[in-house]
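Chain by chain, the residues run as shown.
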Amino acid sequence: MEYTLQDLINLEMLRRLMEDFYDAYGVHCSIVDQDFNLLIGVGWSDICTDFHRKNPETCALCEESDAQVFNHLREGRYYANVCANGLVDAAFPIMIDGERLGAFFFGQFLHEPPDETRFREQAERFGFDLDDYMAATKRIPIYSKERLSKIMACFDSFVTMLTDLGRENLDRRRAELALKESERNYARLIQTTVEGYWRTDLEYRILDVNDAMCRLLGYPREEILGRRPHDFTDRNNRAFLDEQLKMLTTTRHASYLLTMRRKSGEPLNVLCNRTTLLDEHGEVQGGFALLSDITETVRAKEELAELNKNLEQLVTQRTRELAEAYEELRGLDTMKSRLLTSISHELRTPLTSLVGFTKLSRRKMSNIVVPGLEHTDDKQVHKAVHTVAQNLTTVEAEAANLARLLENSIDMARLVSGDLEPMLGPTMVEVVLRAAMKRHTIQARAKGLSLEFFMAGDAPEEIVVDDRLLGLVVSNLIANAVRFTDQGGVVLRVEPDNSGIRVTVSDTGPGIALEDQTAVFKRFHQLGDMLTDKPPGLGIGLSLCKEIVDRFGGRIWLESEPGKGSEFSFTVPAMPLEGYPGE
């Protein structure tokens with residue numbers, strides 16, 4: 001332990017108490033420390049002091065007995081021993097905080113009258129004066145077991161009192177050390193913190209500051225102590241500080257912004273965190289505060305506010321300009337859509353006539369002209385007729401393709417302008433899809449491609465959808481497949497998909513690289529850009545397909561690998577058939 005028994009107990013006061021006890025009861029007692037050094041000895045028996053302790057041999061026996069008693073002491077238990085010189089010694093341990101710091105001894109007594117024969121022999125053996133020695137034995141205290149029990153109870157209480165007193169003093173000393181260490185740490189913390197610190201009394205006079213506060217204000221310590229915070233602020237803040245002074249006794253903590261003045265006259269913006277100081281009785285003694293320099297923060301905030309103001313003005317101006325530009329662009333877009341629609345409508349009539357007359361001419365060529373020339377041997381006539389028939393087929397195919405592009409353009413314009421909404425109704429799936437495929441028979445036959453249609457047996461035969469737009473999506477997918485496939489064929493499949501349908505158009509064309517697949521459904525993106533020797537078209541067919549499928553509530557996607565063809569699929573979700581005309 002860091003303390004000794006003499007550090008924790010007032011030995012002089014204890015000596016007087018033990019002497020008074022001896023004078024009253026005649027019981028010999030002593031106190032030793034943890035190293036067995038005698039601290040207090042009261043009322044020693046003269047047989048010990050004049051005889052046993054003076055003879056080297058008997059003294060050694062006394063010390064041996066004392067050591068035996070001391071070494072056998074345990075917390076909460078006393079120990080008694082009959083020494084080799086014939087006397088009884090007893091002791092209580094003095095335990096403080098679990099450690100033995102000393103012992104309380106009492107003794108040099110007997111339980112019964114002394115054995116004269118033994119003591120005579122002892123006097124002769126060690127050379128004591130027989131008469132004086134025997135006279136000393138007559139003065140040895142004799143305690144009966146009953147009296148000894150009372151003495152032991154008294155000394156037990158006495159030692160307990162010593163132990164409690166020592167523990168209290170130990171706790172107090174440790175608390176004092178902890179307090180001093182805490183004060184040193186507090187002072188070190190205050191002096192090393194980057195925040196300014198001041199401590200004030202009830203009148204708001206500054207009692208203490210740290211070095212950081214001196215640096216903040218630009219004053220030496222002696223020019224700050226004894227003054228009030230008011231002396232370091234401008235007039236506007238003094239009234240505010242007066243309010244804070246009034247709150248010192250009612251509000252334990254407060255945080256506020258304060259503008260102060262340095263010795264140089266420069267403004268100092270601080271964040272002040274004030275705390276009320278109380279004594280041990282809870283009475284207000286004053287307060288202390290930590291002040292953080294936020295001058296740069298305030299300046300940056302002001303600059304940011306100015307920048308935000310300018311930015312808001314600029315954003316307002318740009319927003320107005322963009323709104324005007326948007327309205328202008330929307331007007332132009334509307335004009336473009338109307339122009340496109342108008343042009344498309346103007347082109348549709350002559351184009352329809354062109355397709356119709358071309359079909360009529362091709363049929364008459366096949367049904368009238370060609371049979372009428374069967375008996376003609378003129379090879380040039382046959383060749384010319386064959387060429388005209390092929391040209392009519394080509395014109396019909398290209399006219400049909402142009403009609404599809406025109407139809408796509410009109411529908412895309414209507415979708416963008418919001419004028420095209422799906423006209424839902426019960427639709428026979430196979431009828432619509434076969435009709436869409438039939439439109440491309442001439443183009444496929446001209447390239448030697450096969451067109452195949454498969455419909456799964458468990459696929460719905462009838463769904464609620466806009467039949468014209470459904471046919472338009474399939475027609476566009478087949479048209480692209482035919483355009484970009486040189487050999488093999490195109491397959492149209494219909495399968496069930498969560499009570500709706502999944503339509504797939506697959507071809508044996510060149511395929512599309514993975515990095516190009518994400519762009520195929522973008523408006524005005526042309527599949528021909530990713531291939532070679534292919535007409536680009538308008539680049540709206542697939543984007544139109546996606547717009548329509550999205551309106552249906554389905555989804556459209558592509559699976560393809562270069563050299564392995566492409567597979568476009570889309571879904572049409574199920575809708576209840578009940579309630580639609582014709583159901």
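Notes on the structure follow. (Residues numbered from 1 in each chain as written. Predicted model: local features only at pLDDT ≥ 70, side-chain atom pairs only at ≥ 80, totals over all residues. Heavy atoms only, no water.)

**Re the overall build of the chain**
For step 1, the next point in the chain: For the chain, the count of helices and strands is 16 helices and 17 strands.
For step 2, the next point in the chain: Expressed as a percentage of the 583 residues in the chain, the buried residues total 39%.
For step 3, the next point in the chain: For the chain, restricting intrachain contacts to residue pairs at least 6 apart in sequence, the fraction spanning at least 24 positions comes to 61%.
For step 4, the next point in the chain: Surface summary for the chain: the accessible area is close to 33100 Å², and the carbon and sulfur share equals 52%. (Helix = DSSP H or I, 4+ residues; strand = E, 2+ residues; numbered from the N terminus. Buried < 20%, exposed > 50% of the residue type's maximum accessible area, 1.4 Å probe, protein only. Contact = heavy atoms within 4.5 Å. Areas by Shrake-Rupley, 256 points an atom, 1.4 Å probe, with all protein chains shown as cover.)

**Concerning unusual backbone geometry**
One can expect most non-glycine residues to show negative phi and most peptide bonds to be in trans.
For step 1, the next point in the chain: Non-glycine residue Asp97 carries a positive phi angle of around 55°.
For step 2, the next point in the chain: On the secondary structure map, Asp97 appears in the loop between strand S4 (88-96) and strand S5 (99-109).
For step 3, the next point in the chain: A positive phi angle is found at Tyr204, which is not glycine, with a value near 70°.
For step 4, the next point in the chain: Its location among the elements puts Tyr204 in the loop between strand S6 (196-200) and strand S7 (206-209).

**So, the sheet that holds strand S15 (residues 500-507)**
For step 1, the next point in the chain: The sheet built from five strands is open, its strands ordered S12-S14-S15-S17-S16 with mixed pairing. Of all strands in the sheet, those with a lone pairing partner are strand S12 (450-455) and strand S16 (556-560), marking the two edges. Averaged over all neighbouring strand pairs, the angle between strand axes comes to 15°, with direction disregarded.
For step 2, the next point in the chain: Inspection of the sheet shows S16 paired to strand S17 (residues 566-572) by five bridges, in the antiparallel sense. Each residue of the ladder has a partner; that of Trp557, found in S17, is Ser569.
For step 3, the next point in the chain: Across the sheet, helix H14 (residues 467-483) is in contact with S12, strand S14 (489-497), S15 and S17; its angle to S17 comes to roughly 175°. (Pairing = 2+ DSSP bridges. Axes fitted to C-alpha atoms, helices over the stretch in contact; angles between N-to-C directions.)

**Points about the packing of helix H2 (residues 11-25) against helix H7 (residues 145-192)**
For step 1, the next point in the chain: Look at H2 against H7: their axes get within 14 Å of each other, and the N-to-C directions meet at 165°. Taken together, the axis directions place H2 and H7 in an arrangement best described as roughly antiparallel. Considering only the axes of H2 and H7, their crossing is right-handed. Residues Leu14, Leu17, Met18, Phe21 and Tyr25 of H2 pack against Arg147, Cys154, Phe155, Phe158, Met161 and Leu162 of H7.
For step 2, the next point in the chain: Counted by class, the contact of H2 with H7 contains 10 nonpolar, no polar and one charged residues. (Parallel < 35°, antiparallel > 145°, perpendicular 65-115°, else oblique. Left-handed = near helix turned anticlockwise from the far one by under 90°. Nonpolar A, V, L, I, M, F, W, Y, C, P; charged D, E, K, R; others polar.)

**Here we look at the environment of Asn185**
For step 1, the next point in the chain: Mapped onto the elements of the fold, Asn185 is located in helix H7.
For step 2, the next point in the chain: Looking at Asn185, its side chain comes within polar contact range of the side chain of Arg188, at 2.6 Å. (Polar contact = N/O pair within 3.5 Å; in protein donor to acceptor, adjacent residues only side chain to side chain.)

**Points about the pairing of S4**
For step 1, the next point in the chain: Along S4, nine of the nine residues are buried, which leaves the element largely enclosed by surrounding structure.
For step 2, the next point in the chain: The alternating pattern of S4 places Val88, Ala90, Phe92, Ile94 and Ile96 on one face and Asp89, Ala91, Pro93 and Met95 on the opposite face, and all of these are buried.
For step 3, the next point in the chain: Judged from the four bridges that link them, strand S3 (residues 79-82) and S4 form a sheet pairing that is antiparallel. Within S4, the residue paired with Val82 across the bridge is Val88.
For step 4, the next point in the chain: In textbook terms, the turn of a hairpin is the stretch between consecutive antiparallel strands, and for S3 and S4 this stretch comprises five residues, one of which, Gly86, has a positive phi near 95°.
For step 5, the next point in the chain: Between S4 and the antiparallel strand that follows it, S5, lie two residues; Asp97 among them carries a positive phi value of about 55°.

**Observations regarding the nonpolar core**
For step 1, the next point in the chain: Grouped together as the largest cluster of nonpolar side chains are 40 residues, with contacts concentrated most on Leu433, Val474, Leu477, Leu492, Phe570 and Val572.
For step 2, the next point in the chain: Put simply, the parts of the chain that give this core at least two residues each are helix H12 (429-438), strand S13 (462-465), H14, S14, S15, helix H16 (541-552), S16 and S17.
For step 3, the next point in the chain: Looking at which element gives the most residues to this core, the answer is H14, with nine residues.
For step 4, the next point in the chain: Sequence-distant contacts of Phe570, defined by excluding residues within four places in its chain, comprise Leu470, Val473, Val474, Leu477, Ile501, Arg502, Val503, Val549, Arg555, Ile556 and Trp557.
For step 5, the next point in the chain: Ranked by size, the runner-up nonpolar core spans 30 residues in total, among them Ile9, Cys29, Val88 and Leu162. (Core = buried A, V, L, I, M, F, W, Y, C linked by side-chain atoms within 4.5 Å.)

**Description of the sheet that holds S7**
For step 1, the next point in the chain: Taken in spatial order, the five strands of this open sheet run S7-S6-S10-S9-S8, and their pairing is antiparallel. At either end of the open sheet lies a strand with only one pairing partner, and these are S7 and strand S8 (253-261). Recorded for the sheet is a direction-independent mean angle of 25° between the axes of neighbouring strands.
For step 2, the next point in the chain: Pairing of S6 with S7, which is carried by three bridges, proceeds in the antiparallel orientation. Across the sheet, the residue bridging to Thr200 is Ile206, located in S7.
For step 3, the next point in the chain: In the packing of helix H9 (residues 235-246) onto the sheet, the strands contacted are S8 and strand S9 (267-278), and the crossing angle to S8 comes to about 155°.

**So, the packing of aromatic side chains**
For step 1, the next point in the chain: Tallied over the full model, the rule gives 17 aromatic pairs.
For step 2, the next point in the chain: When the centroid spacing of 5.9 Å and the interplanar angle of 80° are considered together, the rings of Phe36 and Phe105 count as edge-to-face. Of the two residues, Phe36 is situated in the loop between strand S1 (29-33) and strand S2 (38-42) and Phe105 in strand S5; the sequence distance between them amounts to 69 residues.
For step 3, the next point in the chain: For Phe36, a relative accessible area of 30% translates into the label partly exposed. (Phe/Tyr/Trp six-rings, centres within 6.5 Å; stacked < 30°, edge-to-face > 60°.)

**What about H16?**
For step 1, the next point in the chain: Taking 1.5 Å per residue, 12 residues should reach 16 Å; H16 reaches 17 Å between its end C-alpha atoms and fits that length.
For step 2, the next point in the chain: The set of residues buried in H16 consists of Gly541, Leu542, Ser543, Leu544, Cys545, Ile548, Val549 and Phe552.
For step 3, the next point in the chain: Directly beyond the C-terminal end of H16, a positive phi value near 85° is found at Gly553. (Expected span 1.5 Å × (residues − 1).)

**A word on the packing of helix H5 (residues 116-126) against helix H6 (residues 130-138)**
For step 1, the next point in the chain: Where H5 meets H6, the axes come as close as 10 Å, and the angle between the chain directions of the two elements is 140°. Viewed along their axes, H5 and H6 adopt a mutual orientation that is oblique. Of the two elements, H5 crosses H6, and the hand of that crossing is right-handed. The segment H5 lies against H6, with Glu116, Phe119, Arg120, Gln122 and Ala123 engaging Leu130, Tyr133, Met134, Thr137 and Lys138.

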